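A look at the structure
Each chain, written out:
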Amino acid sequence: MTRQIELGLLFSRSGSYALISEACRTGAMAAIARVNGDPRLDVRFVPVERDPGGNVDAYAPLCEEILRGTDARHVVGCITSWSRKEVIPTVEKFGGTLWYAVPYEGFEASDHVVYTHACPNQHLLPLLDWVMPAHGRRAYLTGSNYIWGWEMNRLARERITAAGGEVTGERYLPIGSREVGRMIEELRFARPDFILNSLIGPSSYEFMAAYRALGQEDAQFRPDRCPVLSCNVTECELPALGPAAEGLVAAGPYFRGVPGWPGPGTFGSSHEAAAFSAVMELARLLAARAGAETLPLSQLLAGDRGTGIIDPETHHTVLPVIIARVEGGAFRTIRRRDAVAGDPYLTRSRLVAAPALRVVS
Amino acid sequence: MKRRPIRIPNLGAAQAIILHRPHPTVQALMRQLTAIGLRVTQTWSEPGPEVLASDYVFFDADMGHDGMFPWEPGQPPIPMIALIGSEAPGRIEWSLKAGAHAQLLKPVGDNGAYSALLIARDAFDAQKALSAEIADLRRRLDDRQTVVRAVTLLAARGRSDTEAYAQLRQMAMAWRISFEDAAARIVAAQGGADERSQRS
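Residues numbered from 1 in each chain as written. Chains lettered and ligands numbered in written order. Predicted model: local features only at pLDDT ≥ 70, side-chain atom pairs only at ≥ 80, totals over all residues.

**Quick notes on the overall build of chain A**
From N to C terminus, chain A includes 10 helices and 12 strands. Computed over C-alpha atoms, the radius of gyration of chain A comes to 20 Å, within 12% of the 21 Å expected from 2.2 N^0.38 for 361 residues, which places it in the range of a compact globule. Here the C-alpha coordinates of chain A stretch approximately 65 × 40 × 35 Å along the principal axes. Of the contacts formed within chain A by residues at least 6 apart in sequence, a portion of 70% connects residues at least 24 apart. (Helix = DSSP H or I, 4+ residues; strand = E, 2+ residues; numbered from the N terminus. Rg over C-alpha atoms; globule rule 2.2 N^0.38 Å. Contact = placed C-beta atoms within 7 Å.)

Shown next, in the form of structure tokens:
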């Protein structure tokens, strides 16, 4: 007998990171449609949507509204780590589960969260391991003023200095700020070998445009000489970036058209793919297990007889690591590693040292 | 004083031991520690030498008692994290006497273990470094009399105190030993009793 199962969706459809929300939502909705049209599954998802509108303080109350006011125990949602941290106490309190489909900074393994996008050993560390031999070891770090940028830059600093490199500057902007002038002036002076950009939304768009202008003025700042790196830019933001994205190098588990993860089909971006894979995995876990939809995540996973994608200890997933450069408005793969397990505390893979670095003159 | 930077310990395959009776709090803590990447054991009655082989000790502050640790009271050789249920002053005082470097409140839920590990490690390292520094300063303080005697002996060769002091410093540098050790050598060479040999 088919079961109607309510599924929470908690995405901000307006605000500074709405493009990412839309990408995740598209992926989740595509998976819901796939599940609901699959006669082999006894599961039909009924989406319950709430829109925090980009206001971080609205997440926890709206998540509570879903978990308290409906039968949904699973919520797909949150973009920023800030909002995720706001929601975790709520899912813990109500025995719910958050499915989080966005790259994040690691150092978390909640019993109530599944992380279907990449953490630093799946994005930042491989990206730095690529860039330092290729471009040099002098970095400029920038990010939005919250945990994502702070922790990414701390980790980058640790990795770069351990490799004998140097951080020439580090600067943050409040979420939504477009005040990038000071960073451009610092860059002009610091002349690094690469820039790690963990800004989000309009701050990032403004910075990329200003950096492109700087490159037109001074060839040292052209992307082939001093590239901008990102672990959060995907295809979903390329329209907002326009030509300023050219030459940007990003790391992620998927770029449009790359086969493999998360299965057959083409996705708009890794955000879309990760949300899709989250909902598909949930459907697999619930299928043919009547009543499983009320279980907390720990019990749901404990009773799973199949080969799931979720690591039972960390709730992270095995993902490909793809490093790709924007060329002609699309990502082109530079380097690819298959099947890297998420290691949120860098305790499982840290023993693997960074590859020996050659100085490239 | 500028704070020394935090050292993020390599927790991969580190060993934690939880001294607590079987309890949901132990399960929740084990889940957290396993997710972080540690190997975890739990024991309550008569913890044995396995405690000494651990890298971190979590102990029950509610039911804990003197003599539960296989080391001198208050002298833990590894970082210690108190699991506190009743926040009664007596129990907190006992935890501090036992040498707690950090604490986690019970019931332990979904988080808290990682920061407790890092804070305990940092406090433990800081305590160790300070103890070593204090021991060194104390030794040098005790050696003041030897230094005074060495300077007097050198000054007896017709130098001023300042010149004798500078000469002693140069000797220490040339011999590649500490100032105090150089003073002891001078005193010994002159047949004088070294303060330190009397002490030992």
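**Considerations on the pairing of strand β1 (residues 3–10) of chain A**
Residue and element names in this part refer to chain A. The pairing of β1 with strand β2 (residues 43–50) spans 8 bridges and is classified as parallel. For leucine 10, the partnering residue across the bridge sits in β2 and is arginine 50. Following the backbone out of β1, through helix α1 (residues 18–36) and into the adjacent parallel β2, one traces a crossover that is right-handed. Alignment of β1 against strand β3 (residues 74–77), held across 3 bridges, turns out to be parallel. For leucine 9, the partnering residue across the bridge sits in β3 and is valine 76. (Pairing = 2+ DSSP bridges. Right-handed = clockwise from strand over helix to strand, strands pointing away.)

**Concerning the interface of chain B and chain A**
Where the parts come together, the accessible area they lose is often given as the size of the interface. With 12 residues of chain B at the contact, the number on the chain A side is 14 residues. Counting residues per element, the side of chain B that touches chain A draws most heavily on helix α1 (residues 24–36) of chain B, which supplies 4 residues. Partitioned by chemical class, the residues of the side of chain B that touches chain A number 4 nonpolar, 6 polar and 2 charged. (Nonpolar A, V, L, I, M, F, W, Y, C, P; charged D, E, K, R; others polar.)

**What about the sheet that holds strand β3 (residues 56–60) of chain B?**
Residues and elements named next belong to chain B. Judged by pairing direction, the sheet is parallel, and its 5 strands sit side by side in the order β2-β1-β3-β4-β5 without closing on themselves. The outermost strands of the open sheet, each flanked by one partner alone, are β2 (39–43) and β5 (102–105). Mean inter-strand twist for the sheet, computed between neighbouring axes without regard to direction, equals 20°. (Axes fitted to C-alpha atoms, helices over the stretch in contact; angles between N-to-C directions.)

**Quick look at the pairing of strand β6 (residues 138–144) of chain A**
All names here are of chain A. Extensive coverage of β6 is indicated by the burial of 6 of its 7 residues. When β6 meets strand β8 (residues 194–198), the two strands line up parallel, connected through 5 bridges. Along β8, the bridge assignment pairs tyrosine 140 with isoleucine 195. (Buried ≥ 20, exposed ≤ 12 C-beta atoms within 10 Å, placed from the backbone.)

**What about the environment of B:Ile78?**
Relative to the helices and strands, B:Ile78 is located in the loop between β3 and β4 (80–84). With residues up to four places along the chain from it excluded, the contact list for B:Ile78 reads B:Ser54, B:Asp55, B:Tyr56 and B:Val57.

**What about the domain arrangement of chain A?**
All names here are of chain A. What the domain assignment reports for chain A is domain 1 (3–119 + 260–318) and domain 2 (121–255 + 320–341). Between the C-alpha centres of domain 1 and domain 2 the distance comes to 28 Å. Taken together, the contact pairs 26 residues of domain 1 with 28 residues of domain 2. Within the residue set of the side of domain 1 that touches domain 2, elements represented by two or more residues are α1, α3 (81–94) and α9 (270–286). With 4 residues, the single largest contributor to the side of domain 1 that touches domain 2 is α1. (Domains from an automatic or database assignment.)

**Quick notes on the sheet that holds strand β11 (residues 318–327) of chain A**
Residue and element names in this part refer to chain A. Spatially, the 7 strands line up as an open sheet ordered β7-β6-β8-β9-β10-β11-β12, and their pairing is mixed. Among the strands making up the open sheet, the edge pair consists of β7 (166–173) and β12 (330–341). Ignoring strand direction, the axes of neighbouring strands in this sheet form an average angle of 20°. Against the sheet, helix α4 (residues 124–135) engages β8, β9 (228–230), β10 (249–252), β11 and β12, with an angle of about 40° to β11.

**Re the domain arrangement of chain B**
Assigned domains of chain B: these are domain 1 (15–132) and domain 2 (143–194). On a C-alpha basis, the centres of domain 1 of chain B and domain 2 of chain B stand 48 Å from each other.

**Examining the environment of A:Gly77**
Residue and element names in this part refer to chain A. As for its position among the elements, glycine 77 is in strand β3. For the pair formed by glycine 77 and leucine 98, sequence separation is 21 residues and the distance between their alpha carbons is 7.0 Å. Each residue touching glycine 77, except ones within four places of it in the same chain, is listed here: Gly8, Leu9, Leu10, Phe11 and Leu98.

**Focus on α4(A)**
Because each turn of an α-helix spans 3.6 residues, side chains separated by three or four positions end up pointing in the same direction. All names here are of chain A. Taking 1.5 Å per residue, 12 residues should reach 16 Å; α4 reaches 16 Å between its end C-alpha atoms and fits that length. Those residues of α4 that sit buried are Leu124, Leu125, Pro126, Leu127, Leu128, Val131 and Met132. On its buried face, α4 is in contact with α5 (147–162), β8, β9, β10, β11 and β12. In the stretch just after α4, glycine 136 is the one whose phi turns positive, near 125°. (Expected span 1.5 Å × (residues − 1).)

**Let's talk about the environment of A:Ile334**
Residues and elements named next belong to chain A. If you trace the backbone, isoleucine 334 turns up in strand β12. On a C-alpha basis, the gap between isoleucine 334 and alanine 250 in space is 9.8 Å, while along the polypeptide they are 84 residues apart. Every residue in contact with isoleucine 334, bar those within four places of it in the chain, is listed here: Ile323, Ala324 and Arg325.

**Re unusual backbone geometry**
Cis geometry marks the peptide bond from A:Trp261 to A:Pro262, where omega comes out at -5°. Its identity as a non-glycine residue notwithstanding, B:Ala13 has a phi of 65°, on the positive side. Considering the arrangement of structural elements, one finds B:Ala13 in the segment before β1 (15–19). For B:Ala13, a count of 12 C-beta atoms within 10 Å translates into the label exposed.

**Description of the nonpolar core**
Grouped together as the largest cluster of nonpolar side chains are 109 residues, with contacts concentrated most on A:Val76 and A:Val279. Broken down by element, this core gets its largest block of residues, 11 residues, from α9(A). Counting contributing residues, this core receives three or more from each of domain 1 (3–119 + 260–318) and domain 2 (121–255 + 320–341) of chain A. Membership of the second largest hydrophobic core comes to 37 residues, among which are B:Ile36, B:Ala61, B:Val108 and B:Leu117. (Core = buried A, V, L, I, M, F, W, Y, C linked by C-beta atoms within 7 Å.)

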